[in-house]
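Listed below, chain by chain, are the residues.
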Amino acid sequence: LLKDESPNLDAQFEKKNDNKLKQKWIYEAINHLNKREKFIISERKLNDKPQTLDKIGRELKISKERVRQIEANSLKKLKKIILEISEEPKNFFIN
């Protein structure tokens, strides 16, 4: 007989529930960013087609290097905020 390798229903439910929690925490954390940081993160990370640093820089009238710096700092800030909000260990967020 062949062994059923598919995840059981409990594991599927738990994963789906974890993903909903993670999504909630991400959007909650994004609300802690300022307007410019939110814009850059949404344009670079939350769009189906991420915008280039150059395009965002032209829109905000800043250099693409400055956009990159703001993006990097915003991602660090989001990571810290999400860990604080969730009270979960870092490995919870690794699939």
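Refer to the structure above for everything that follows.
Residues numbered from 1 in each chain as written. Predicted model: local features only at pLDDT ≥ 70, side-chain atom pairs only at ≥ 80, totals over all residues. Heavy atoms only, no water.

Participant: Whenever I open this one, the nonpolar core confuses me. Can you help?
Facilitator: Across soluble globular proteins, nonpolar side chains have a tendency to be buried as a group. By size, the foremost hydrophobic cluster in this structure holds nine residues: Trp 25, Ala 29, Ile 30, Leu 33, Ile 41, Leu 78, Ile 81, Ile 82 and Phe 92. Counting residues per element, the ones that place at least two in this core are helix H1 (9-30) and helix H4 (64-86). Excluding residues that lie within four positions of it along the chain, Trp 25 makes contacts with Ile 82, Ile 85, Ser 86, Glu 88, Phe 92 and Phe 93. (Core = buried A, V, L, I, M, F, W, Y, C linked by side-chain atoms within 4.5 Å. Buried < 20%, exposed > 50% of the residue type's maximum accessible area, 1.4 Å probe, protein only. Helix = DSSP H or I, 4+ residues; strand = E, 2+ residues; numbered from the N terminus. Contact = heavy atoms within 4.5 Å.)

Participant: Sorry, what's going on with the packing of helix H2 (residues 35-46) against helix H3 (residues 53-60) here?
Facilitator: Describing two packed helices takes the angle between their axes plus the distance from one axis to the other. Contact geometry of H2 with H3 gives a least axis separation of 11 Å together with a crossing angle of 150°. Considering their axes alone, H2 and H3 lie roughly antiparallel with respect to each other. Handedness of the crossing formed by H2 with H3: right-handed. Residues Arg 36, Phe 39, Ile 40, Glu 43 and Arg 44 of H2 form the contact with H3, whose participating residues are Leu 53, Ile 56, Glu 59 and Leu 60. Within the contact of H2 with H3, the residues separate by chemical class into five nonpolar, no polar and four charged. (Axes fitted to C-alpha atoms, helices over the stretch in contact; angles between N-to-C directions. Parallel < 35°, antiparallel > 145°, perpendicular 65-115°, else oblique. Left-handed = near helix turned anticlockwise from the far one by under 90°. Nonpolar A, V, L, I, M, F, W, Y, C, P; charged D, E, K, R; others polar.)

Participant: Can you help me understand H4 in this one?
Facilitator: It helps to recall that an α-helix has 3.6 residues per turn; residues three or four apart then point in one direction. Between its terminal C-alpha atoms H4 stretches 32 Å, which fits the 33 Å expected from 23 residues at 1.5 Å a residue. Among all positions of H4, only Val 67, Ile 70, Glu 71, Ser 74, Leu 78, Ile 81, Ile 82 and Ser 86 are buried. (Expected span 1.5 Å × (residues − 1).)

Participant: Would you mind showing me how to read unusual backbone geometry here?
Facilitator: Excluding glycine, residues mostly carry a negative phi; peptide bonds, for their part, are mostly trans. Although it is not a glycine, Lys 61 adopts a positive phi angle of roughly 60°. Relative to the helices and strands, Lys 61 is located in the loop between H3 and H4. Taking relative accessible area as the criterion, Lys 61 reaches 74% and is therefore assigned exposed.

Participant: Just checking my understanding: could you explain the packing of H2 against H4 for this structure?
Facilitator: Running from N to C, H2 and H4 cross one another at 95°; their axes reach a closest spacing of 9 Å. Between H2 and H4, the angle is such that the two are roughly perpendicular. In contact with Arg 36, Glu 37, Ile 40, Ile 41, Arg 44 and Lys 45 of H2, H4 contributes Arg 66, Val 67, Ile 70, Glu 71, Ser 74, Leu 75, Lys 77 and Leu 78. Looking at the contact of H2 with H4 residue by residue, the class counts come to six nonpolar, one polar and seven charged.

Participant: Looking at this model, I keep getting lost on H2. Mind explaining?
Facilitator: Of all the positions in H2, only Glu 37, Ile 40, Ile 41 and Glu 43 are classed as buried. On its buried face, H2 is in contact with H3 and H4. Where H2 begins, the side chain of Asn 34 points an oxygen toward the backbone nitrogen of Arg 36, at a separation of 3.0 Å. (Polar contact = N/O pair within 3.5 Å; in protein donor to acceptor, adjacent residues only side chain to side chain.)

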